[in-house]
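In case you want the letters, here they are:
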Amino acid sequence: MLSQLFSTIKKAIGWLASAALKGITMIGNGFKSLVVNSMSIDIFIRIAEYLPIGGWLEHEKLDIGGENSVHAALMQENKEKLRVILRTASASEKAIHKYLLTENLINSSPLEEALGISRNNPGFLKIMLAAVKPEKRLGLLESARWLGKPFIFGLMRQGAKVISYVMNALPEHDRFKFMGPLDAHGNNPGMVLLRSAPSYSDVKAFFQHYPQEHIFTYLTKRNDRGQTALMNLLAVSSEIDVDDSFEYVFNLVPKKRRKEFLDFHGQGEKLMLNAYANDRKGVKALLRKNGIKIPKMTKKEAQKSCKDLIEEWKATEKFKEKFGAYPLIVLGLEEKNYTEGEIKRAYHVKMLKYHPDRNKKENASKKAQKIASAYEFYSKPDVRKNYLGR
């Protein structure tokens, strides 16, 4: 009986102590908020240099535009002010993250704004990342947005110096994770970079950090248009010389896997067609050296072939939307080039397995219809055009 009484009293004391601590914290935070918001940020910073009020700045109220003092320092282009603000903002890493990610009324955070000006003025972005422990930087950057997309897609537009700084600011084991997001069209950051007509130094600044053991998968990833990273690179204006960039990325693929790389989804032939269409001599020479040979054609013929390829990619995506898989996959084939005979043979093998006359399972008829549609996709060009709404 006495033990139960003591236990009850102990719990009551614990509850009262906890409530008292919360009350003291609330009063303390209220006092901090009163102090911080009763003066200008410049005056607060001067006082914070002499008094132990570091960490109080997290109680700062946002202005009418939803901005904090970091936004203001960026607007004033005042790096020293930014350093002092982040030094006195909070003793809490979590609060620093919140401070850098606070979005104003137009959904722009200080980190996003710093990225936007970093090509010409990278200092602000450097100061922000330096204020965060290296092991916490990936979490910060993954939480940041750029025009509604993951932060890294904005980074791809800022040039070699900024890309190199951010990549090197991350611990080596975090860089691979940072490079992985996809945008709404299935593009990874490497595709976006290569499609933006980058310089050789831009390409190297990013791709040199990609782990060798994962580079094959990264470079054979296809977006919603069926394009790989190197196809994106060759899609830039024919007036821009991309030979050096193409060779650098191509040489990242281990020699023993280059044939497999070029065979993937007929990538080698498609790259060569594009090289012909845009008269990219260096790319043609490199592909020939690695075994890709197609009949010579005029620039006009190559451009028409490229246009047909793009339409085929679009049609395959429409097929996938309707049936849940690409037509080659439905036929039991891998994503690479096949002859008409090989596709026809795969069709017959699949139909023998699922034809309703042979297979009495409930879903066999539905599978047979899907297989027939996949075969028609490749054997009847007019059917393929129907997927494009023609």
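As the structure is a prediction and not an experimental result, all values here were calculated from the model.

Undergrad: In this structure, what is going on with helix α10 (residues 160-169)? I would like to understand it.
TA: Because an α-helix packs 3.6 residues into every turn, residues spaced three or four apart end up facing the same way. Ala160, Val162, Ile163, Val166, Met167 and Ala169 are the residues of α10 that are buried. The inward-facing, buried residues of α10 abut α7 (123-130), α8 (134-143), α9 (151-155), α11 (172-178), α12 (189-195) and α13 (200-207).

Undergrad: Would you explain the environment of Val253 in this entry?
TA: Within the element layout of this structure, Val253 appears in the loop between α16 (243-250) and α17 (258-263). Sequence spacing of Val253 and Leu219 is 34 residues, and the spatial spacing of their C-alpha atoms is 8.4 Å. Apart from residues lying up to four places away in sequence, Val253 is in contact with Phe216, Leu219, Arg258 and Phe261.

Undergrad: What exactly am I supposed to notice about unusual backbone geometry here?
TA: The general pattern is negative phi for most residues beyond glycine and trans for most peptide bonds. Located in the positive-phi region is Glu77, a residue other than glycine, with phi close to 55 degrees. Structurally, Glu77 is set in the loop between α3 (69-75) and α4 (79-89). Taking the relative accessible area as the measure of exposure, Glu77 reaches 58% and is therefore exposed.

Undergrad: What is the right way to look at the packing of α16 against helix α19 (residues 281-289) in this model?
TA: Each packed pair of helices is defined by two parameters, the angle between the axes and the distance between the axes. Following both chains from N to C, one finds α16 and α19 inclined at 25 degrees, their axes separated by 8 Å at the closest point. Classified by the interaxial angle, the pair formed by α16 and α19 is roughly parallel. Of the two elements, α16 crosses α19, and the hand of that crossing is right-handed. Contacts between α16 and α19 involve Asp243, Phe246, Glu247 and Phe250 from the first element and Lys281, Gly282, Val283, Leu286 and Leu287 from the second.

Undergrad: Teacher, can you tell me more about the nonpolar core here?
TA: As a rule of thumb, soluble globular proteins bury nonpolar side chains together. Met128, Leu155, Phe178, Phe206, Phe207 and Phe246 are the most contacted members of the largest nonpolar core, which has 80 residues in total. Contact partners of Leu155, with chain neighbours within four places excluded, come to Leu115, Val162, Ile163, Val166 and Phe178. Counting residues in hydrophobic clusters, the runner-up holds 20 residues, among them Ala325, Leu331, Ile343 and Met351.

Undergrad: So what exactly am I meant to see when it comes to the confidence of the model for the protein chain here?
TA: Low pLDDT marks stretches whose predicted atomic positions should not be read closely. Mean pLDDT over the protein chain stands at 80; residues scoring 70 or higher make up 82%. Long-range and interchain partners of residues 19-31, a stretch whose pLDDT sits below 50, account for 2 contacts in this model, where long-range means more than four residues apart.

Undergrad: Where do I start with the packing of helix α18 (residues 267-277) against helix α20 (residues 299-323) in this structure?
TA: The N-to-C vectors of α18 and α20 enclose an angle of 135 degrees; their axes lie 8 Å apart at closest approach. Taken together, the axis directions place α18 and α20 in an arrangement best described as oblique. For the pair α18 and α20, the crossing hand works out as left-handed. Every residue of α20 that contacts α18 at Lys270, Leu273, Asn274, Tyr276 and Ala277 is listed here: Lys299, Ala302, Gln303, Ser305, Cys306, Leu309 and Trp313. Of the residues in the contact of α18 with α20, the class split is 7 nonpolar, 3 polar and 2 charged.

Undergrad: How do you make sense of the side chain of Glu67 when you look at a structure like this?
TA: Checked against the element boundaries, Glu67 lands in the loop between α2 (41-48) and α3. Look at Glu67: it is buried, it has no salt bridge, and the nearest opposite charge is Lys81 at 11 Å. Within the local environment of Glu67, its side chain forms a polar contact with the side chain of Asn104, the two groups lying 2.9 Å apart.

Undergrad: Would you mind showing me how to read the pattern of salt bridges here?
TA: Close approach of charged atoms allows side chains of opposite charge to pair. Using the criterion set out here, one finds 6 salt bridges in the structure. Lys259 is the salt-bridge partner of Asp263, the closest N and O atoms lying 2.9 Å from each other. With Asp263 and Lys259 both in helix α17, this residue pair falls 4 residues apart, about one helical turn. Among the ionic pairs, Lys284 bridges to Asp279, the shortest N-O distance being 3.6 Å.

What counts and how
Residues numbered from 1 in each chain as written. Predicted model: local features only at pLDDT ≥ 70, side-chain atom pairs only at ≥ 80, totals over all residues. Heavy atoms only, no water. Buried < 20%, exposed > 50% of the residue type's maximum accessible area, 1.4 Å probe, protein only. Helix = DSSP H or I, 4+ residues; strand = E, 2+ residues; numbered from the N terminus. Contact = heavy atoms within 4.5 Å. Axes fitted to C-alpha atoms, helices over the stretch in contact; angles between N-to-C directions. Parallel < 35°, antiparallel > 145°, perpendicular 65-115°, else oblique. Left-handed = near helix turned anticlockwise from the far one by under 90°. Core = buried A, V, L, I, M, F, W, Y, C linked by side-chain atoms within 4.5 Å. pLDDT = per-residue confidence, 0-100. Nonpolar A, V, L, I, M, F, W, Y, C, P; charged D, E, K, R; others polar. Lys, Arg positive; Asp, Glu negative; His and termini not counted. Salt bridge = Lys/Arg side-chain N within 4 Å of Asp/Glu carboxyl O. Polar contact = N/O pair within 3.5 Å; in protein donor to acceptor, adjacent residues only side chain to side chain.

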